[in-house]
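# An overview of the molecular structure
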Amino acid sequence: MLLRNLKDCDHECGTDEAGRGCIAGPVTAAAVILPKHFENEFLKDSKKLTHQKRLLLKKIIENDCASYGITHIFMETIDEINILNSSILAMHKSIEKLSPEPEHIIVDGNRFKPFKNIAYECIVKGDDKYLSIAAASILAKTYRDEYMESIHEEYPMYNWKKNKGYPTKEHREAIRKYGITKYHRKSFKLLPEQMELEL
């Protein structure tokens, strides 16, 4: 069972992102404030859940949470300010959408930048320790997956419906064959031998 809160306060928010390691599509973050007495024995890190369980939990989180926010940061921004800054920006924009404003922020991972004057704590593998971070990981993952499935229709040859923009062998073969799209992150190493190509 995951822990409910790090600090004893009414409005602690957990935040997490999805899609940092992808070579196509946005990086997506979510921020979630859960009510103080929220419990769910199935809620855990989104990576440890099946697609169906994530969708089921997404509905429960949206219905039962005190507040949530979701933000996509798109490829152009990722290429301009890098993936770490884009991930933190997505988290900040998601936290901005919360009402009430959180009293404390817990962040999955080890990097963050101050948001307003709200105290925060970075927690490595936080999505496996705290309910609100696990909830944020599920929302970030499900919303990003939905986005990748929608753009799959435009470019089915890359099979984003399945790989969600991650650099699978199939995805890289499609880049080799068809080139890149407006959804690819141009600042990323899209092909293993890219460094040797004359561009």
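Residues numbered from 1 in each chain as written. Predicted model: local features only at pLDDT ≥ 70, side-chain atom pairs only at ≥ 80, totals over all residues. Heavy atoms only, no water.

Time to look at the sheet that holds strand β3 (residues 67–73). Hydrogen bonds between backbone groups are what pair the strands of a sheet, and the pairing can be parallel or antiparallel. The strand order across the open sheet built from five strands is β3-β2-β1-β4-β5, with neighbouring strands paired in mixed fashion. A single partner strand is all that each edge strand has here, and the edge strands are β3 and β5 (119–123). The average angle at which neighbouring strand axes cross in this sheet is 20°, direction not considered. Pairing of strand β2 (residues 27–33) with β3 involves seven bridges; the strand directions are antiparallel. (Pairing = 2+ DSSP bridges. Helix = DSSP H or I, 4+ residues; strand = E, 2+ residues; numbered from the N terminus. Axes fitted to C-alpha atoms, helices over the stretch in contact; angles between N-to-C directions.)

All right, on to the environment of Arg-20 then. Of note, Arg-20 is situated in the loop between β1 (12–18) and β2. Arg-20 gets classed as partly exposed once you look at its relative accessible area, which sits at 36%. Taking the C-alpha atoms as reference, Arg-20 lies 15 Å from Leu-139; in sequence the two are 119 residues apart. (Buried < 20%, exposed > 50% of the residue type's maximum accessible area, 1.4 Å probe, protein only.)

Here the focus is the pairing of strand β4 (residues 104–108). Among the five residues in β4, five count as buried, and that is most of the element. Neither face of β4 is open: one carries His-104, Ile-106 and Asp-108, the other Ile-105 and Val-107, and all of them are buried. The sheet contact formed by β1 and β4 spans four bridges and is parallel. Residue pairing for β4: Glu-12 is matched across the bridge by His-104.

The subject of this paragraph is the nonpolar core. Judged by nonpolar contacts, the single largest core of 33 residues is most densely connected at Cys-13, Ile-95, Ile-105, Phe-112 and Trp-160. It is helix α3 (residues 83–96) that contributes the most residues to this core, six residues altogether. Apart from residues no more than four positions distant in its own chain, Ile-95 is found in contact with Cys-13, Thr-15, Ala-31, Pro-102, Ile-105, Phe-112 and Phe-115. Residues Val-32, Leu-57, Cys-65 and Ala-136 belong to the second largest nonpolar core, which totals 19 residues. (Core = buried A, V, L, I, M, F, W, Y, C linked by side-chain atoms within 4.5 Å. Contact = heavy atoms within 4.5 Å.)

On to the state of the cysteines. In the structure shown here, the tally under the stated rule is zero disulfides. Distance from the sulfur of Cys-13, which forms no disulfide, to the nearest cysteine sulfur (Cys-9) is 9.7 Å. Just so you know, Cys-65 is unpaired, no disulfide at all, and the nearest cysteine sulfur is the one on Cys-13, 11 Å from it. (Disulfide = S-S within 2.5 Å.)

Mapping Thr-15 onto the fold places it in strand β1. Engagement of the side chain of Thr-15 in a polar contact is seen with the backbone oxygen of Ala-30, the distance being 2.9 Å. When sequence neighbours within four positions are dropped, the list of residues in contact with Thr-15 reads Ala-30, Ala-31, Met-91, Ile-95, Ile-105, Ile-106, Val-107, Asp-108, Ile-133 and Ala-136. (Polar contact = N/O pair within 3.5 Å; in protein donor to acceptor, adjacent residues only side chain to side chain.)

Once that is clear, we can look at the confidence of the model for the protein. Per-residue confidence for the protein gives a mean pLDDT of 94; residues scoring 70 or more make up 96%. Counted against residues more than four places away or in other chains, residues 195–199, with its pLDDT under 50, gives two contacts. (pLDDT = per-residue confidence, 0-100.)

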